[in-house]
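# Close look at the chain arrangement
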Amino acid sequence: MRIITLNANGIRSAESKGFFKWMHLQNADIICIQETKAQLYQLNPELFCPAGYHCFYHDAEKKGYSGVAIYSKKQPDKIIRGIGWSDIDAEGRFIEAQFGKLSVISLYLPSGTSGEERQQIKFKFMDRFLPYLQECAQSGRDYIICGDWNIAHKEIDLKNWRGNQKNSGFLPEERAWLTQLFASNHWLDAFRLINQEAEQYTWWSHRGQAWKKNVGWRIDYQIINASLKDKVKAVSIYKEERFSDHAPLIMDYDYELESNIDNASVPAPE
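Definitions and limits used
- Residues numbered from 1 in each chain as written.
- Predicted model: local features only at pLDDT ≥ 70, side-chain atom pairs only at ≥ 80, totals over all residues.
- Heavy atoms only, no water.
- Axes fitted to C-alpha atoms, helices over the stretch in contact; angles between N-to-C directions.
- Helix = DSSP H or I, 4+ residues; strand = E, 2+ residues; numbered from the N terminus.
- Parallel < 35°, antiparallel > 145°, perpendicular 65-115°, else oblique.
- Contact = heavy atoms within 4.5 Å.
- Nonpolar A, V, L, I, M, F, W, Y, C, P; charged D, E, K, R; others polar.
- Salt bridge = Lys/Arg side-chain N within 4 Å of Asp/Glu carboxyl O.
- Buried < 20%, exposed > 50% of the residue type's maximum accessible area, 1.4 Å probe, protein only.
- Phe/Tyr/Trp six-rings, centres within 6.5 Å; stacked < 30°, edge-to-face > 60°.
- Lys NZ or Arg CZ within 6 Å of the ring centre and 35° of its normal.
- Pairing = 2+ DSSP bridges.

Moving on: the packing of helix H5 (residues 116-137) against helix H6 (residues 172-183). Packing of H5 against H6 leaves a shortest axis separation of 11 Å and a crossing angle of 10°. On the basis of their axis angle, the class for H5 and H6 is roughly parallel. Contacts between H5 and H6 pair Gln119, Lys122, Phe123, Met126, Phe129, Leu130 and Leu133 from the former with Glu173, Glu174, Trp177, Gln180 and Leu181 from the latter. For the contact of H5 with H6, the residue count by class is 7 nonpolar, 2 polar and 3 charged.

Below, the discussion takes up the pattern of salt bridges. Within the structure shown, the criterion is met by 10 salt bridges. Between Asp87 and Arg128 there is a salt bridge, with the nearest N and O atoms lying 2.9 Å from each other. In this pair, Asp87 sits in helix H4 (residues 86-89) while Arg128 sits in helix H5, placing the two residues 41 residues apart along the sequence. By relative accessible area, which is 24% here, Arg128 ends up partly exposed. Salt-bridge contacts for Asp157 lead to Arg218; the nearest nitrogen and oxygen are separated by 2.9 Å.

Turning our eyes to something else, we now look at the packing of aromatic side chains. Counted by the stated rule, this structure contains 20 aromatic pairs. Each member of the aromatic cluster is reached from another via a ring pair, and the members are Phe19, Phe20, Trp22, Phe48, Tyr57, Tyr71, Tyr238 and Phe243. Here the basic side chain of Lys62 rests over the ring of Tyr65, its NZ or CZ set 5.0 Å away from the ring centre. Here Arg93 stacks its cationic end above the ring of Tyr108, 4.6 Å away from the centre of that ring.

Our focus in this paragraph is the sheet that holds strand S7 (residues 102-108). Reading across the sheet, the 6 strands line up as S5-S6-S7-S8-S12-S9 and stay open at both edges, with mixed pairing between neighbours. This sheet does not close on itself; its edge strands, each paired only once, are strand S5 (78-81) and strand S9 (187-189). Put simply, the sheet's adjacent strands are angled 20° from each other on average, direction ignored. Direction of pairing for strand S6 (residues 94-99) relative to S7: antiparallel, over a ladder of 6 bridges. Pairing of Phe99 across the sheet is with Leu102, part of S7. Sheet contacts for H6: S9 and strand S12 (220-225); angle to S9, the most-contacted strand, approximately 120°.

What follows concerns unusual backbone geometry. Positive phi outside glycine occurs at Glu35, with the angle close to 55°. Mapped onto the elements of the fold, Glu35 is located in the loop between strand S2 (30-34) and helix H3 (45-48). Residue classification places Glu35 among the buried positions, given a relative accessible area of 12%. A positive phi angle is found at Asn150, which is not glycine, with a value near 55°. Judged by its relative accessible area of 11%, Asn150 falls in the buried class.

Dropping the structure here:
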């Protein structure tokens, strides 16, 4: 099973840069997208629901903002749009697809880079999300939570860590929150199970030739529960082309994707 996650920074922008042409060559079972920045009615199904995939969107109420999506070859047994918190769901930050025992989530965790008000919204989300994840870990289901978590966990996960310790995305409280999540032994950073190397980044600022110089951050994850620990077989970050200010994160799992629904036809995006 191959799963790709990408913060597209505008799905229409990513499409214009060749993302879907590239995606078709990857033979991915599931693709998770964040920051679609579009309403479903604005998207041409022929372009934005690629042939062979079931397509599901959760848009933000505000046009041109946030939004998440999941594409899957198999029809999910169930789609859950929103986490059940009205403020977060209004921003289109969570969509879950269930396949048998497996839940795959496309998550766009709030950013605090625009100011203190948004940082407090981010902290509030984190405070609620940890207990939610604890419940998920005890549910008996398998989970793969893909997306832009907007936090670099350790010094190895960003180039200029010394100069960013007071900046959103690398604040001590944010890093401690991820450490607490992983310390429970219920949740794992799937990428680091395979790749322990430095300079493995998924996001680069548009400033100062950050992409060219590889001055980046690793803030995009596939976070899995412990039951999948031995299922991660390969990980990679695709950088040969640039579809967004983020790069696609690709992971292969030794896992048979199940679905109880007939997959004979692929409907229009939802």
